[in-house]
Amino acid sequence: MDAAQEAQKREAFRQAVVNTLERRLFYIPSFKIYRGVAGLYDYGPPGCAVKANVLAFWRQHFVREESMLEIDCPCVTPEIVLKASGHVEKFTDLMVKDEKTGTCYRADHLLKDYCKDKLEKDPNLSAEKVAELKHVLAVLDDLSPEELGAKIKGYGITAPDTKNTLSDPYPFNLMFQTSIGPSGLSSGYMRPETAQGIFVNFKDLYYFNGNKLPFAAAQIGQAFRNEISPRQGLLRVREFTLAEIEHFVDPEDKSHPKFSEVSKLEFLMFPREDQVSGRQARRIQIGEAVSQGIVNNETLGYFIGRVYLFLTQLGIEKDRLRFRQHLANEMAHYAADCWDAEIECSYGWIECVGIADRSAYDLRAHTKLVITPVKKELGLAFKGNQKKVVEALEKLAIVPSKKQLGLAFKGNQKMVAEALEAMGEKEAMELKATLEAEGEAKFRICSLDKEVIIKKDMLSVSKEKKKEHQRLFTPSVIEPSFGIGRIIYCLYEHSFYTRASKDGDEQLNVFRFPLLVAPIKCTVFPLVQNQQYEEVAKKIAKSLTTAGISHKIDITGTSIGKRYARTDELGVPFAITVDSASSVTLRERDSKQQIRVNVDEVASVVKELSDGVSKWPDILLRYPTHSS
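Residues numbered from 1 in each chain as written. Predicted model: local features only at pLDDT ≥ 70, side-chain atom pairs only at ≥ 80, totals over all residues. Heavy atoms only, no water.

In this structure, W58, I286, F310, L311, F323, F482 and Y492 are the most contacted members of the largest nonpolar core, which totals 69 residues. In this structure F323 touches F267, L268, M269, F270, I304, V307, Y308, W339, D340, A341 and I355, once residues within four positions along its chain are discounted. The next biggest cluster of nonpolar side chains, apart from the first, holds 24 residues, and it includes C522, I549, V605 and I619. (Core = buried A, V, L, I, M, F, W, Y, C linked by side-chain atoms within 4.5 Å. Buried < 20%, exposed > 50% of the residue type's maximum accessible area, 1.4 Å probe, protein only. Contact = heavy atoms within 4.5 Å.)

Here is the structure:
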């Protein structure tokens with residue numbers, strides 16, 4: 001099959017998937033009755049359920065299993081925050097305009113489409129021209145505005161819709177700008193990522209974690225990018241859901257205590273050297289990739305392994321998932337190493353998760369601009385690992401006399417001592433002055449709810465100057481960032497297939513979603529419209545609800561074959577058919593096998609399967625099969 005035929009086959013497959021998704025209301029264009037707005041989509045009932053299941057599994061797989069700190073920050077972000085992060089100045093794409101109509105296009109996409117179209121559809125290209133076009137695609141992200149404009153003019157690329165000439169490329173900031181408050185004096189933006197909310201809260205999160213490193217914070221939320229020319233459905237949109245993790249770690253110790261749990265995982269990796277030399281992605285154990293220096297450190301390698309497990313357990317095919325290392329021209333100047341989890345779909349290899357070692361860039365950037373007393377505390381000072389001696393640190397020393405307190409307060413000695421030791425500097429120095437002047441002082445003990453008399457010989461208060469060995473540093477951050485909409489779209493494609501109907505006269509669509517993400521776990525059908533069967537169906541539905549199993553009752557008079565086809569098209573794993581008052585059939589979607597189960601047992605069987613306690617082959621051994 002040549003490149004043109006392969007492209008046509010991909011397009012036909014994509015159209016079948018998208019038509020099914022929109023017809024069954026997984027997602028649809030937003031504001032459709034007003035002709036819609038490019039890059040905005042609504043999730044329908046099954047789409048919402050799939051998304052909720054994906055996010056629930058993300059929380060389980062990362063937040064709970066890794067004991068992360070989850071937060072939720074506003075979408076509207078003050079301008080100063082995004083100035084510090086570099087988004088105001090640098091969050092841009094190069095844009096060109098149709099010189100007659102003013103329609104805008106993303107310049108690099110026009111050049112990429114031209115090169116790919118030529119390579120796929122022009123069989124008369126010379127070897128030199130093929131090499132040239134492939135080189136352009138390889139260096140596309142590294143082209144300056146002038147170089148990009150020269151290529152567009154040199155290849156005679158025009159506006160796709162009108163064939164009019166295009167302007168020179170110029171930068172366009174992708175953030176949606178707004179004003180905060182009615183005066184319009186406070187500028188802000190709709191956040192382009194969720195990460196900055198974590199960085200600005202670092203000090204409080206660090207305190208919440210007991211002033212200990214390493215720790216990770218996570219956030220799920222909406223992000224906004226004013227894409228120049230959104231396309232490719234859910235893959236490039238203007239409002240989308242991100243799930244991001246910021247794992248803060250000592251820059252001199254990026255080992256991970258759980259790395260051994262993933263070190264033996266082997267999957268497709270595409271290191272920088274292999275890309276530059278023209279080789280293909282290859283299977284590498286993540287432990288070997290770290291030990292050979294292909295992946296920069298254990299913590300980065302650990303998260304790459306965990307991302308692989310997350311995606312494959314969702315239903316992404318292992319052979320169509322790879323981890324590609326950023327080339328030198330893609331890397332931010334501050335980054336130590338960056339990898340993208342790319343999933344192959346009908347659009348090609350799509351970046352769905354970015355896993356980056358961002359070093360200490362973000363915390364340092366906010367330290368420079370922050371205007372509160374937090375400023376000095378975004379960098380940390382840790383005792384031990386003597387790197388720097390800090391001279392003359394004044395420390396308050398409060399030393400209660402256990403003997404004198406014991407004689408005076410007997411069993412309450414400990415509570416009095418703890419209250420004295422808990423004094424702040426101002427209170428302690430005032431108490432010291434009173435004791436020196438009068439020999440005794442009144443002191444309130446909250447835990448005893450009364451005042452006591454403290455005498456001079458019960459307490460020593462002083463300020464001492466000490467040399468301390470401290471190591472001063474700003475933590476590095478490892479950041480896995482998940483584009484949830486992209487992952488879901490790729491999952492739709494990986495789960496979709498067609499099979500012949502029972503009569504063989506038509507092809508039926510099926511989504512083979514894993515139980516983990518299926519929007520509905522089970523449907524309940526009375527075989528025919530019959531009052532007795534409908535009552536049994538309602539009884540089963542009530543049992544499923546009690547068991548926490550999402551389900552749907554279909555009591556339409558349609559044939560059972562058509563009802564099975566409808567639920568297969570929604571990706572429902574199991575269907576219960578009520579054809580008697582005492583027992584029912586339970587059908588599995590992919591094998592189409594059926595078993596006979598008592599009415600009172602069927603909900604618990606579906607619960608077993610949904611929770612992963614039993615697999616379908618196990619259930620087949622326990623119950624008699626049924627032939628339709």
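Additional details are given in the paragraphs that follow.
Another aspect to go through is the side chain of R499. Position of R499 relative to the elements: it lies in strand β22 (residues 496-500). Of note is the side chain of R499, whose polar atom sits 3.0 Å from the backbone oxygen of R589. A distance of 3.3 Å separates the side chain of R499 from the backbone oxygen of D590, its partner in a polar contact. Not counting the four nearest positions on each side in its chain, R499 is found in contact with E506, Q507, L508, V510, D568, R587, R589, D590 and K592. (Helix = DSSP H or I, 4+ residues; strand = E, 2+ residues; numbered from the N terminus. Polar contact = N/O pair within 3.5 Å; in protein donor to acceptor, adjacent residues only side chain to side chain.)

Here we come to the packing of helix α14 (residues 402-409) against helix α15 (residues 413-421). Two numbers describe how α14 lies on α15: the axes approach to 9 Å, and their chain directions differ by 130°. Regarding the angle of α14 to α15, the classification is oblique. The element α14 and its partner α15 pack so that their crossing is right-handed. Residue-level contacts link K402, L405, G406 and F409 of α14 to Q413, V416, A417 and L420 of α15. (Axes fitted to C-alpha atoms, helices over the stretch in contact; angles between N-to-C directions. Parallel < 35°, antiparallel > 145°, perpendicular 65-115°, else oblique. Left-handed = near helix turned anticlockwise from the far one by under 90°.)

Before going further, it helps to examine the packing of helix α2 (residues 45-64) against helix α17 (residues 484-495). Relative to each other, α2 and α17 sit at 115°, their axes nearing to 11 Å. On the basis of their axis angle, the class for α2 and α17 is roughly perpendicular. In this structure, the crossing between α2 and α17 has a hand that is right-handed. In this structure, α2 uses G47, V50, K51, V54 and L55 to contact α17, whose residues at the interface are I484, I488 and Y492. By residue class, the composition of the contact of α2 with α17 is six nonpolar, one polar and one charged. (Nonpolar A, V, L, I, M, F, W, Y, C, P; charged D, E, K, R; others polar.)

The five strands lie next to each other as β25-β24-β26-β27-β28, forming an open sheet whose pairing is mixed. Both edges of this open sheet fall to β25 (551-553) and β28 (594-598), since each of them pairs with a single strand only. Each strand of the sheet is rotated relative to its neighbour by a mean of 25°, with strand direction disregarded. In terms of strand pairing, strand β24 (residues 522-526) meets β25 through three bridges, oriented parallel. In the sheet register, T523 faces β25, and the bridge partner there is K552. Taken strand by strand, helix α19 (residues 560-570) contacts β24, β26 (574-578), β27 (583-588) and β28, and its axis lies near 165° from that of β24. Against the sheet, helix α20 (residues 602-610) touches β24, β26, β27 and β28, its axis set at about 20° to β27. (Pairing = 2+ DSSP bridges.)

A contiguous patch of negative charge, built from D141, D142, E146 and E147, is present on the exposed surface. Within the fold, E147 resides in helix α7 (residues 145-154). (Patch = residues over 30% accessible without salt bridge, like charges linked within 9 Å, V, L, I, M, F, W, Y side chains within 5 Å. Areas by Shrake-Rupley, 256 points an atom, 1.4 Å probe, with all protein chains shown as cover. Salt bridge = Lys/Arg side-chain N within 4 Å of Asp/Glu carboxyl O. Lys, Arg positive; Asp, Glu negative; His and termini not counted. Charge placed at Lys NZ, Arg CZ, Asp CG, Glu CD.)

Before going further, it helps to examine the packing of aromatic side chains. For the structure shown, the criterion picks out 27 aromatic pairs. On the basis of an interplanar angle of 35° and a centroid distance of 6.0 Å, the ring pair of F574 and W616 is categorised as tilted. Remark: W616 occurs in helix α21 (residues 616-622) and F574 occurs in strand β26; sequence separation between them is 42 residues. The buried category is assigned to W616, whose relative accessible area is 10%. Taken together through their ring pairs, the aromatic side chains of F13, F26, Y492, F496, F511 and F513 make up a single cluster. In this structure, K51 packs its charged tip against the face of Y43, placed 5.0 Å from the ring centre. The ring of Y564 has R587 sitting right over it, with the charged end atom 4.2 Å from the ring centre. (Phe/Tyr/Trp six-rings, centres within 6.5 Å; stacked < 30°, edge-to-face > 60°. Lys NZ or Arg CZ within 6 Å of the ring centre and 35° of its normal.)

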